[in-house]
Amino acid sequence: MIPQDTVNRILDTAQIVDVVGDFVTLKKRGANYTACCPFHNEKTPSFSVSPSKGIYKCFGCGKSGTAVGFVMEHESLSYVEALKYLAKKYHIEVVEKEESAEEIAKRQKNESLLLVSEFAGRFFQESLKTPEGQTIAYQYFRSRGLEDSTIEKYGLGWAPLNRKALTEAAREAGYKEEFLTETGLAIKYDDGRIGGRFYDRVMFPIHSVSGRVIAFGGRTLRTDKSVAKYVNSPETEIYVKSRSLYGIYFAKSEISKKDKCILVEGYLDVLSMHQLGITNVVASSGTSLTVEQIRLIHKFTDNVTIIYDGDGAGIHAALRGIDLVLKEGMNVKIVLLPDGQDPDDFARRHTLEEVEDYIARNERDFIGFKSDLLLDQAGNDPLKKAQLINDVADSVALMPDPVKRAVYVRSCAEKFGIDEQILTERISSRRTDMILAEQKQEERKKAALGRQTPSPVQNAGDYGPEDVPAPMPDDYVDYGDPVPELVPVPESETVVITDRFLAPCEKELLGFILEDGCSPLKFDRDSKFYDENEQVNVAEFIDGALAGDPFANPSYRKVYDEYFVMYDEGLDQRQIQTRLLNSQDPEIVEVAKELLIEKYQLTVKAFEDSLTTNDTRLVIYVPKCLMTYQCRKLEVMVKELSAELMATEDSEKQIEILSRIEDCNRARTRLNNELGRV
Ligand SMILES: [Zn+2]
């Protein structure tokens, strides 16, 4: 653990231009720097670095972040590893915080398990060099076309015929028996004897993302049907099957460089492709593809190409994979190999150029793939055909991005010659089902936790233009829009509406604070906000106007509070921005990124196109946004009061509520008039 003040020192010291400049040639353009993006292939630069904000942003592929984020992305490092990298670069000493006894014990145990695994890996490699290993295993690897360099690089080995060979060697080398059994390398019998899990098998070590041996797959070379073809390590503290991908360590940098991951099925598929020179390949080996594996790939790219052999099981796996990938918001293509060959056969029979060419020319969109496949099965049966169209539409419904969905609806409608409207309806009803199902699941989870929350959780990105038809339409702040007619709303809905209605304004206000909180508001002398004794800055102006009333949206409230804690500590705007963007709390990072980086993209453009200065922009829009927000809060209050009014029978109370509603309406009219003037 790196102590927080060291983290802060690293964040304050790291200069984005310096850090990025170590990897990319930057050219100065105005206040910023540009370059060709290191994360995607391009000829004209769309990668921009802002030294004043300490961030980078690619307008081509959309990658963005701080200096730490850049190092993480570019070097495929974890957050802590990236911090250490920067500390080294800037000669900042990192004294790691003391761990609790429990943490130490856990870390030491994991380390012991890793060491035993690595010992076993070396043992299997050495065994490959014995006469037994040479005649059986090495011969086999050679017959599968694997070269010595590949065998060496991927640590392939041989588990000897003697079942006790590994356990005895480990004991001699001083490894404890308990770690052998806990890694699953050995099995303990009831009578206390132990024996190896792996014997008489060729061995494929499985590496973690950072390259350590965490498990093994062993394949028998016997044709005897009573012997299991594969034996794999069990799940352990260092090996979670559903989160591991075979080959990820050797493929990760190429995956992010090529911005594409190729997914195959088995160990040999990966090895043959790598050996041929196609190294952005991984396999889900041993399990069917899981969401966690997809997310692991998603760290490095948005694009997945599934290569499968044409047998029934392969098709089934490919179909399931497609839906999982789509649901994660990634793009998926499918390549079918000719004549039932698997990637291993195919790679061995062709040159690098041929394989690359074949993949490029045969990559198919999932709609084309799914429809051709299913159309074949459907023949002329109209019912089956309808089922197929629904099937494809259901896959489209999984995509989180509404723009992508719209594009696919069009191509689907064209392909099947049916009306777009029909598809759109099917898709939106599927999405509503999905969202309701998710909400139910969420509620059940909460109920299980024994916590009762009044509203569905609203995250920063939750009120986008997509998803369920929202009771309140606007996602954007339309300054000075006419006040909508007031309709009493049942109480249960008010919480949701409140957030949907107020959150866009809160987002805007928070944007001003994160972007320009410490900038002064230079009001004109004749402005009602002008004060000759004091020039107030954006953050204080907004905070003063809110008068201690917190934001309704929990994510924005959290970031707001976090900002002012640091502001009160006397940090400057740049420091606060950097810390928010590098917070340990992913919710804070998400909001900060959206407001500081995504919006920055728009602001930069807007500024290049206009003559307005930032001072003028702030002086006009900060008060406008505040008043709009206050107007909306009054509206929400009126809605709540109206609901209360409907609910009560007590006439005295009714009169009181009515008079409060009138107060609110008067205040609203006043604000609206002012908004009209500003
Ligand atoms: Zn890019």
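Residues numbered from 1 in each chain as written. Predicted model: local features only at pLDDT ≥ 70, side-chain atom pairs only at ≥ 80, totals over all residues. Heavy atoms only, no water.

Draft legend 1. A look at the coordination of the zinc ion. Cys37 (SG), His40 (ND1), Cys58 (SG) and Cys61 (SG) make up the full set of protein donors to the zinc ion, lying at 2.0 to 2.3 Å. Between the 4 donor atoms coordinating the zinc ion, the angles at the centre fall across 103 to 120°, so the site counts as tetrahedral. All donors to the zinc ion come from one chain, and their sequence spacing reads C-x2-H-x17-C-x2-C. Note that histidine 40 is positioned in the loop between strand E2 (32-35) and strand E3 (47-50) and cysteine 58 in strand E4 (residues 55-58), a separation of 18 residues in sequence. Cysteine 58 carries the same exposure label as histidine 40, and that label is buried. (Donors = N, O, S within 2.8 Å, 3.2 Å for Na, K, Ca; no water. Tetrahedral: all angles 85-135°; square planar, octahedral: opposite > 155°, others 65-115°. Helix = DSSP H or I, 4+ residues; strand = E, 2+ residues; numbered from the N terminus. Buried < 20%, exposed > 50% of the residue type's maximum accessible area, 1.4 Å probe, protein only.)

Draft legend 2. Local environment of unusual backbone geometry. The phi dihedral of serine 76 falls on the positive side, at around 50°, and the residue is not glycine. Residues other than glycine seldom take positive phi values, yet histidine 91 does so here, at roughly 55°. Position of histidine 91 relative to the elements: it lies in the loop between helix H4 (79-89) and helix H5 (101-128).

Draft legend 3. Highlighting the packing of aromatic side chains. Counted according to the given criterion, the structure contains 29 aromatic pairs. The interplanar angle of 70° and the centroid separation of 5.1 Å between the aromatic rings of tyrosine 249 and phenylalanine 250 together place this pair among those described as edge-to-face. The exposure class assigned to tyrosine 249 is partly exposed, which follows from its relative accessible area of 34%. Residue phenylalanine 250 is classed as buried on the basis of its relative accessible area, which comes to 18%. Taking 5.9 Å as the distance between ring centres and 85° as the angle between the ring planes, the aromatic pair formed by phenylalanine 551 and tyrosine 629 counts as edge-to-face. Here phenylalanine 551 is found in the loop between helix H21 (538-546) and helix H22 (554-568), whereas its partner tyrosine 629 is found in helix H25 (residues 614-647), with 78 residues between them in sequence. For phenylalanine 551, a relative accessible area of 3% puts it in the buried group. Owing to a relative accessible area of 0%, tyrosine 629 belongs among the buried residues under this scheme. Within the aromatic cluster, the residues linked to one another by ring pairs are Phe23, Phe39, Phe47, Tyr56, Phe70 and Tyr85. One residue, lysine 89, lies across the ring of tyrosine 90, its end atom 5.5 Å from the ring centre. (Phe/Tyr/Trp six-rings, centres within 6.5 Å; stacked < 30°, edge-to-face > 60°. Lys NZ or Arg CZ within 6 Å of the ring centre and 35° of its normal.)

Draft legend 4. Representation of the packing of helix H17 (residues 382-397) against helix H18 (residues 402-416) in the model. At their nearest, the axes of H17 and H18 sit 10 Å apart, and the two run at 165° to each other. Between H17 and H18, the angle is such that the two are roughly antiparallel. Viewed along their axes, H17 and H18 form a crossing whose handedness is right-handed. Mapping the contact onto sequence places Leu388, Ile389, Val392, Val396 and Ala397 in H17 and Arg405, Tyr408, Cys412 and Phe416 in H18. (Axes fitted to C-alpha atoms, helices over the stretch in contact; angles between N-to-C directions. Parallel < 35°, antiparallel > 145°, perpendicular 65-115°, else oblique. Left-handed = near helix turned anticlockwise from the far one by under 90°. Contact = heavy atoms within 4.5 Å.)

Draft legend 5. Expanded view of the sheet that holds strand E16 (residues 364-365). Sheet architecture is open: 5 strands sit in the order E13-E12-E14-E15-E16, paired in mixed fashion. If you trace the sheet from one side to the other, it starts and ends with strand E13 (281-283) and E16, each paired once. Bridge count between strand E12 (residues 261-264) and strand E14 (residues 303-308): 3 bridges; the pairing is parallel. Along E14, the bridge assignment pairs cysteine 261 with valine 304. (Pairing = 2+ DSSP bridges.)

Draft legend 6. H4, seen in detail. All of the buried residues along H4 are Tyr79, Ala82, Leu83, Leu86 and Ala87. Down the axis of H4, the sector holding all buried residues measures 140°, keeping them to one side. For H4, the secondary structure elements touched by its buried residues are helix H1 (4-13), helix H2 (16-21) and helix H3 (67-75). Histidine 91, located one to two residues past H4, shows a positive phi value of around 55°. (Arc of directions from axis to C-beta.)

Draft legend 7. Summary view of the nonpolar core. Core analysis: the largest hydrophobic core is formed by 58 residues, its most contacted members being Phe124, Phe141, Leu156, Leu185, Phe204 and Tyr246. Among all residues touching phenylalanine 204, those that are not within four sequence positions of it are Phe141, Leu156, Ala215, Phe216, Gly217, Arg219, Tyr246, Tyr267, Leu268 and Leu271. Judged by nonpolar contacts, the second largest core, of 45 residues, contains Phe300, Tyr308, Ala318 and Ala393. (Core = buried A, V, L, I, M, F, W, Y, C linked by side-chain atoms within 4.5 Å.)

Draft legend 8. Quick peek at a negative patch on the surface. Together, Asp531, Glu532, Glu534, Glu540, Asp543, Asp568 and Glu569 give the surface a local cluster of negative charge. With respect to the secondary-structure elements, glutamate 534 resides in the loop between helix H20 (491-516) and H21. (Patch = residues over 30% accessible without salt bridge, like charges linked within 9 Å, V, L, I, M, F, W, Y side chains within 5 Å. Areas by Shrake-Rupley, 256 points an atom, 1.4 Å probe, with all protein chains shown as cover. Salt bridge = Lys/Arg side-chain N within 4 Å of Asp/Glu carboxyl O. Lys, Arg positive; Asp, Glu negative; His and termini not counted. Charge placed at Lys NZ, Arg CZ, Asp CG, Glu CD.)

Draft legend 9. Expanded view of helix H6 (residues 131-143). For H6, with 13 residues, the first-to-last C-alpha span of 17 Å sits near the 18 Å given by 1.5 Å per residue. Most pronounced at alanine 137, the bend in H6 amounts to some 30°. For H6, the complete set of buried residues consists of Gly133, Ala137, Tyr138, Tyr140 and Phe141. Within two residues after H6, glycine 145 carries a phi angle of roughly 80°, on the positive side. (Expected span 1.5 Å × (residues − 1). Bend = angle between axes of the 7 residues up to and from the residue.)

Draft legend 10. Layout of the pairing of E4. Neither face of E4 is exposed, since Ile55 and Lys57 on one face and Tyr56 and Cys58 on the opposite face are all buried. Sheet topology places E3 next to E4; 4 bridges connect them, and they run antiparallel. Counterpart to serine 50 in the pairing with E4 is isoleucine 55. The hairpin formed by E3 and E4 contains 4 residues between the paired strands, and glycine 54 there has a positive phi angle of roughly 70°. Sheet analysis places E4 next to strand E5 (residues 64-66), joined by 3 bridges and oriented antiparallel. Residue tyrosine 56 lies in a different strand from E5, and its bridge partner there is glycine 65. If you look at the hairpin formed by E4 and E5, you'll find 5 residues sitting between the two strands, and glycine 62 has a positive phi there, around 85°.

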